[in-house]
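Fold and geometry: a report
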Amino acid sequence: MIDAAIIGGGPAGLSAAINVRARNRSALILSGPLLENPLARAPRVDNYPGLPDVSGAQLLQLLEGHALRSGAQLRRGRVLAAAAVDGGFYLSVDSDVIQAGALILAIGAQRGDKLPGEAALLGRGVSWCATCDGALYRGRTVAVVGLSEGAPAEANYLLGMGCQVIYVARQAPQGLLPEIPAVLGKRIEIQGEKAVSAVAVDGQILPCQGVFVLRPGLAAADLLPQLELREGYVAVDSSMATNLPGVFACGDCTGPPLQAAKAVGQGLVAGQSAAAYVSNH
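All values derive from a computational prediction rather than experimental measurement.

Description of the sheet that holds strand E13 (residues 204-207)
As a general point, the strands of a sheet are linked pairwise by backbone hydrogen bonds and lie either parallel or antiparallel. Taken in spatial order, the 3 strands of this open sheet run E11-E12-E13, and their pairing is antiparallel. For this open sheet the edge positions go to strand E11 (188-192) and E13, each flanked by a neighbour on one side alone. With strand direction ignored, the average angle separating the axes of adjacent strands in the sheet is 25°. Two strands pair when backbone bridges link them, and strand E12 (residues 196-201) and E13 are joined in this way by 4 bridges, in the antiparallel orientation. Residue pairing for E13: Val201 is matched across the bridge by Gln204.

Examining the state of the cysteines
In total, this model carries 1 disulfide according to the counting rule given. At a sulfur-sulfur separation of 2.2 Å, the disulfide partner of Cys129 is Cys132. Looking down the S-S bond of the Cys129 and Cys132 bridge, the torsion is 70°, so its handedness is right-handed. In this structure Cys129 comes out as buried when scored by relative accessible area, which is 3%. We classify Cys132 as partly exposed; its relative accessible area is 34%. Counting only cysteine sulfurs, Cys208 is the nearest neighbor of Cys163, a cysteine outside any disulfide, at a range of 11 Å. With no disulfide of its own, Cys250 lies closest to Cys253 among cysteine sulfurs, the gap being 6.4 Å. When its relative accessible area of 0% is taken as the criterion, Cys250 is described as buried.

With respect to the sheet that holds strand E7 (residues 126-127)
Pairing is parallel across the open sheet formed by 5 strands, whose spatial order is E7-E14-E8-E9-E10. The open sheet has two edge strands with one neighbour each: E7 and strand E10 (182-184). With 2 bridges joining them, E7 and strand E14 (residues 210-214) adopt parallel strand pairing. Note that in E14 the partner of Ser127 across the bridge is Phe212. Relative to the sheet, helix H4 (residues 151-160) contacts strand E8 (141-146), strand E9 (164-169) and E14, its axis offset from that of E9 by approximately 165°.

Describing the pattern of salt bridges
Applying the stated rule across the entire model yields 9 salt bridges. As a salt-bridge pair, Asp3 and Arg25 come within 3.9 Å of each other at their nearest N and O atoms. Of this pair, Asp3 sits in strand E1 (residues 2-7) while Arg25 sits in the loop between helix H1 (11-22) and strand E2 (27-31), and the two are 22 residues apart along the sequence. By relative accessible area, which is 16% here, Asp3 ends up buried. Residue Arg25 is classed as partly exposed on the basis of its relative accessible area, which comes to 24%. Arg78 is the partner of Glu154 in a salt bridge, and the nearest nitrogen-oxygen pair spans 3.4 Å. In this pair, Glu154 is assigned in helix H4 and Arg78 in the loop between strand E3 (73-76) and strand E4 (79-85), connecting sequence segments 76 residues apart. The two residues Glu154 and Arg78 agree in class, both being buried.

Definitions and limits used
Residues numbered from 1 in each chain as written. Predicted model: local features only at pLDDT ≥ 70, side-chain atom pairs only at ≥ 80, totals over all residues. Heavy atoms only, no water. Pairing = 2+ DSSP bridges. Helix = DSSP H or I, 4+ residues; strand = E, 2+ residues; numbered from the N terminus. Axes fitted to C-alpha atoms, helices over the stretch in contact; angles between N-to-C directions. Disulfide = S-S within 2.5 Å. Buried < 20%, exposed > 50% of the residue type's maximum accessible area, 1.4 Å probe, protein only. Contact = heavy atoms within 4.5 Å. Salt bridge = Lys/Arg side-chain N within 4 Å of Asp/Glu carboxyl O.

Structural measurements only, silent on function.
Printed below as a string of structure tokens:
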């Protein structure tokens, strides 16, 4: 079992991992590709102390390297569910399950906006995980709504599983197999009564039996429905503790200012608090 699982590989999550390790506790960072982090697209970060003119990608690489040198583990993947069990936590990461003693949320400022029809049809044709549920749709038509960098690879996986795949996105995908048709549009809606029947893209109806909505990560309220929010952000106290025992949060998901320097400071506190929680429990 990992002492502290950290969801998010941005400045807050990487700082938290470094500080969990400083207390001689094991830390696992769960994150998508580094360059999928919004900070990686910043050509210059002027307000991070001591590193003027560094790019966002460079800052992330420096922080990630520090975390790995401290002994933290890193796993690329998406956390799809979290549950408190027997004083710890079980996390569903793609198709695997990971157990941790404490949980640190560093998932960024995710609003959790759903596509029309997504919430109503979740589990009735709508899925957030291709590797988990792809086998259920072998020989059937599915739509992959690509909202993350890794979505084309998951669409390719579904094709290899024997699904008939349609790729839906707001911009042209990179790495999609040529035999998978791509439909681009701004307005995406999932349709169906008791189960998924189609996806509409800018009014074009695409019949299908399943829809995989693939985002970089889930919003906090989707991971932990009992989590207390304040104006859409995770509510924390001065120790970065949430209302759920053993769950801490740091960085942009806790609210403004949405700045890397603030995220790193909160990550320090969250890492120390999570390590102390594990030691005391």
